[in-house]
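# Remarks on the overall topology
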Protein chains: 2
Amino acid sequence: MEWLETRELRYFTAVAEELHFGRAAERLGMAQPPLSRAVQRLERRLGVVLLDRGRHGVALTPAGAVLLDEARATLDAAAAAARRTRRAVEPGGRLVLAVKANGAHDLLRALLDAYAREPDAAEVEVVLCGIGEDERMLRDGRADAALLHPLYSSLAGFDSEEVLTEEQVVVLPAGHPLAARTSLTLAEVADVPGLPAARWPLRDGGYPPGPGPEVRDLSQLAQLIALGRTSTVIPASARAWLWTAHSAVPLVDAPSVTTHIAWPPQSRSRPLAALVRTAVGLGREA
Amino acid sequence: MEWLETRELRYFTAVAEELHFGRAAERLGMAQPPLSRAVQRLERRLGVVLLDRGRHGVALTPAGAVLLDEARATLDAAAAAARRTRRAVEPGGRLVLAVKANGAHDLLRALLDAYAREPDAAEVEVVLCGIGEDERMLRDGRADAALLHPLYSSLAGFDSEEVLTEEQVVVLPAGHPLAARTSLTLAEVADVPGLPAARWPLRDGGYPPGPGPEVRDLSQLAQLIALGRTSTVIPASARAWLWTAHSAVPLVDAPSVTTHIAWPPQSRSRPLAALVRTAVGLGREA
DNA sequence: CCTGGTGATACCCGGCCGGTATCGTCCCAG
DNA sequence: CTGGGACGATACCGGCCGGGTATCACCAGG
């Protein structure tokens, strides 16, 4: 068997992401020629052309796209291996729980309270993450578990259990006419003039097109709502961050959102198992 | 970030599995001193002692056990990366389906027939595997999908769907008194003198203790049953391999067995999606 | 006390990894 | 049409590291 080294995978990943040898080399802190050679050697050893060096710069071949996916997974696994090994000798058996900032605040409180009463409980360090960062932290071993929403994060490759399913509400400026209603539909809030939905950044950092304001974090969003410039749809439990200038109205036809607790496959630690058990139990009684 | 190379992980894995530097070096096709140095360097870079070099040979530390798990996962990912990339350029988009030999024969037939009629179908290569080999093939990228039984294989790290749940039957020599019954319980077949349950090899190649005969494949088992020396409990659908000298009697209290179809996370190919859809559909209508 | 077995150390060599300099090619400006 | 700039590939070189052999250090057992 011919083995791929993580160095080669790091190099290829950098080039595949930058689609530019010079910039990739800079990102890797090295010169461009050795990078070119390393990628050529990788292609030779695999017997597969990974990149089209065309006139218009560099492009991924289909095989290259496959390797990019696989290389990312492999590098995550390698990073996780190093981190988890180092953590294994640290005292105290702390658990790191990754949670999206401002999401499911009540659930998190309840989970931490209930877990603290478990016999197998370990100290829990909660890490509040930005969009998509919770999933990354779990994938590369910085976190031992995460509360994820399958809409935003992929559960692929993790073990997971459902914890809580909840309806969504629309958050409106408190004075808005619709804020007086006891329930609304998606169609009603979609058609309101002057309240275009806010736009969140995509994975690549760009924004989808549309009339609404671009927001990057919740405090921006909250202020824009309070100013009467936009509205947003959130899970009911996220009401924790509402201002007095906000009104939340239940949506009768919005898809419900489910929070899962996810952890790396093959994890066998007792404190983690207890955390999962606690979370699932919370979901059942709620 | 300090990165682990797959070479180092291969070396450590070999030593951790052999618990002997000399044998590990031999298995790796290298001399012992460079292997010792490589593992020392790995320990130094991680800042973690992985092995106890005691007077009574080598033993894993707890951190070493963690790394062994993680290293295996990483090496599987790296092997899968190479294989899937190479396969991406092969023509025809063949799918490799790993199945435990002799398991769920009817289901497999039905699946292949139904899949061949799907619009997105690709050519399917069926690989019959020994115990646990199906899971390995899926983990290291030799297979694109597998029919797995969670009792024998871990689904951790895969995406999977339930396909079929079935009861189990006990297979007895045709002339045996109990073979005339229309149903039996586990207790009844456990207590039969002269028919001790056969013993299958464990992961490490050894056998669990017990009075029954040691078997390594189904033909051995079948012959031993036909000779009236043992009996076995199997899913009902495995009746395909029964001899005329065998009798199958339903067990009323054996745990039912569920077959899952599993595939690597993040797989997005249309032929694979069609295969999964076909399999799940089969399970529903059955 | 010697001997066999095992892992660590000492020392050496070749290859590869990464650096600098330069080339070939394409695109575009003028 | 031509010169220049951008970009990846090639040529060449030096140092480090991975791997080899020889040997040491330590322990168990006769």
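Here, every reference points to the structure presented above.
Scoring rules and cut-offs
Residues numbered from 1 in each chain as written. Chains lettered and ligands numbered in written order. Predicted model: local features only at pLDDT ≥ 70, side-chain atom pairs only at ≥ 80, totals over all residues. Heavy atoms only, no water. Salt bridge = Lys/Arg side-chain N within 4 Å of Asp/Glu carboxyl O. Helix = DSSP H or I, 4+ residues; strand = E, 2+ residues; numbered from the N terminus. Buried < 20%, exposed > 50% of the residue type's maximum accessible area, 1.4 Å probe, protein only. Near = heavy atom within 4 Å. Polar contact = N/O pair within 3.5 Å; in protein donor to acceptor, adjacent residues only side chain to side chain. Nonpolar A, V, L, I, M, F, W, Y, C, P; charged D, E, K, R; others polar.

### A short note on the pattern of salt bridges
Residues and elements named next belong to chain A. Enumeration over the complete set of coordinates arrives at 42 salt bridges over all chains. For Arg45, the salt bridge goes to Glu8, with nearest N and O atoms at 2.7 Å. Residue Arg45 is located in helix α3 (residues 32–46), and its partner Glu8 is located in helix α1 (residues 6–18); the two are separated by 37 residues in the primary sequence. Residue Arg45 is classed as partly exposed on the basis of its relative accessible area of 27%. In this structure Glu8 comes out as buried when scored by relative accessible area, which is 8%. For the salt bridge of Arg87 with Asp144, the shortest nitrogen-to-oxygen distance reads 2.5 Å. With a gap of 57 residues between them, Arg87 in helix α4 (residues 62–89) and Asp144 in the loop between α6 (133–139) and β5 (145–148) connect regions that are remote in the sequence. The exposure class assigned to Asp144 is buried, which follows from its relative accessible area of 13%. The structure contains a network of salt bridges with shared partners spanning Glu17, Glu18, Arg23, Arg27 and Arg72.

### Quick look at the protein's contact with DNA strand C
Near DNA strand C, the surroundings consist of 19 residues, among which Tyr11, Arg37 and Arg41 of chain A together with Ser36 and Arg53 of chain B are the closest. In DNA strand C, atoms within 4 Å of the protein come from the sugar-phosphate backbone in 64% of cases. Contacts to DNA strand C include His20 of chain B, whose side-chain N or O atom sits 3.2 Å from a phosphate oxygen. For DNA strand C, a phosphate oxygen lies 3.3 Å from a polar atom in the backbone of Gly22 of chain B. For the surface near DNA strand C, the secondary structure elements donating two or more residues are α1 and α3 of chain A together with α2 (21–28) and α3 (32–46) of chain B. When the residues that make up the surface near DNA strand C are grouped by side-chain class, the tally is 8 nonpolar, 6 polar and 5 charged.

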